[in-house]
Amino acid sequence: MADIAGVRVLYTGDYSREEDCHLCAAEIPQFSPDICVIESTYGVQLHQPRNVREKCFTDVIHSTISQGGRVLIPAFALGRAQ
């Protein structure tokens, strides 16, 4: 949060209120900003439940490796790749 000439501005990257395997859910700030700027890469998308997505992901990896293939997983953000 930044205070600019008495105006409280909150800037945040993309966030989720859903708990993740390695990231905590976003917390609600204890103040009310005058201006809020939010990145929203996935803001209007509906996703399958996490366990369904993870099973599909691991099934594809298992199938590829069991057929002698190799898997390269590109990651757009370090925090998501750990």
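Above: the structure in question.
### Describing helix α1 (residues 50-66)
Here α1 contains 17 residues, and its C-alpha end-to-end distance of 24 Å stays within 8% of the 24 Å for a straight helix at 1.5 Å per residue. One or two positions beyond α1, positive phi appears at Gly-68, with a value near 85°.

### Digging into a nonpolar patch on the surface
A surface patch of nonpolar side chains, amounting to about 350 Å² of accessible area, comprises Val-7, Tyr-11, Ile-35 and Val-37. Those elements giving two or more residues to the nonpolar patch turn out to be β2 (7-12) and β3 (35-38). Structurally, Val-7 is set in strand β2.

### Describing the sheet that holds strand β1 (residues 2-4)
Read from one edge to the other, the open sheet built from three strands follows the order β1-β2-β3, with strand pairing classed as mixed. In this open sheet, the two edge strands, each paired with only one partner strand, are β1 and β3. Averaged over all pairs of adjacent strands, the angle between strand axes in this sheet comes to 25°, irrespective of strand direction. Of the pairings in the sheet, the one linking β1 to β2 comprises three bridges and is antiparallel in character. Note on β2: the bridge partner recorded for Ile-4 is Val-7.

### Quick word on the pattern of salt bridges
Summed over all chains, the structure comprises two salt bridges. The partner of Asp-34 in a salt bridge is Arg-8, with the nearest N and O atoms 3.9 Å apart. Linking Asp-34 in the loop between β2 and β3 with Arg-8 in strand β2, this pair joins segments that are 26 residues apart in sequence. Classification of Asp-34 by relative accessible area gives partly exposed; the value is 49%. Between Lys-55 and Asp-59 there is a salt bridge, with the nearest N and O atoms lying 3.0 Å from each other. Of this pair, Lys-55 and Asp-59 both sit in helix α1, four residues apart, which is roughly one turn of the helix.

Calculation notes
- Residues numbered from 1 in each chain as written.
- Predicted model: local features only at pLDDT ≥ 70, side-chain atom pairs only at ≥ 80, totals over all residues.
- Heavy atoms only, no water.
- Helix = DSSP H or I, 4+ residues; strand = E, 2+ residues; numbered from the N terminus.
- Expected span 1.5 Å × (residues − 1).
- Patch = residues over 30% accessible without salt bridge, like charges linked within 9 Å, V, L, I, M, F, W, Y side chains within 5 Å.
- Areas by Shrake-Rupley, 256 points an atom, 1.4 Å probe, with all protein chains shown as cover.
- Salt bridge = Lys/Arg side-chain N within 4 Å of Asp/Glu carboxyl O.
- Pairing = 2+ DSSP bridges.
- Axes fitted to C-alpha atoms, helices over the stretch in contact; angles between N-to-C directions.
- Buried < 20%, exposed > 50% of the residue type's maximum accessible area, 1.4 Å probe, protein only.

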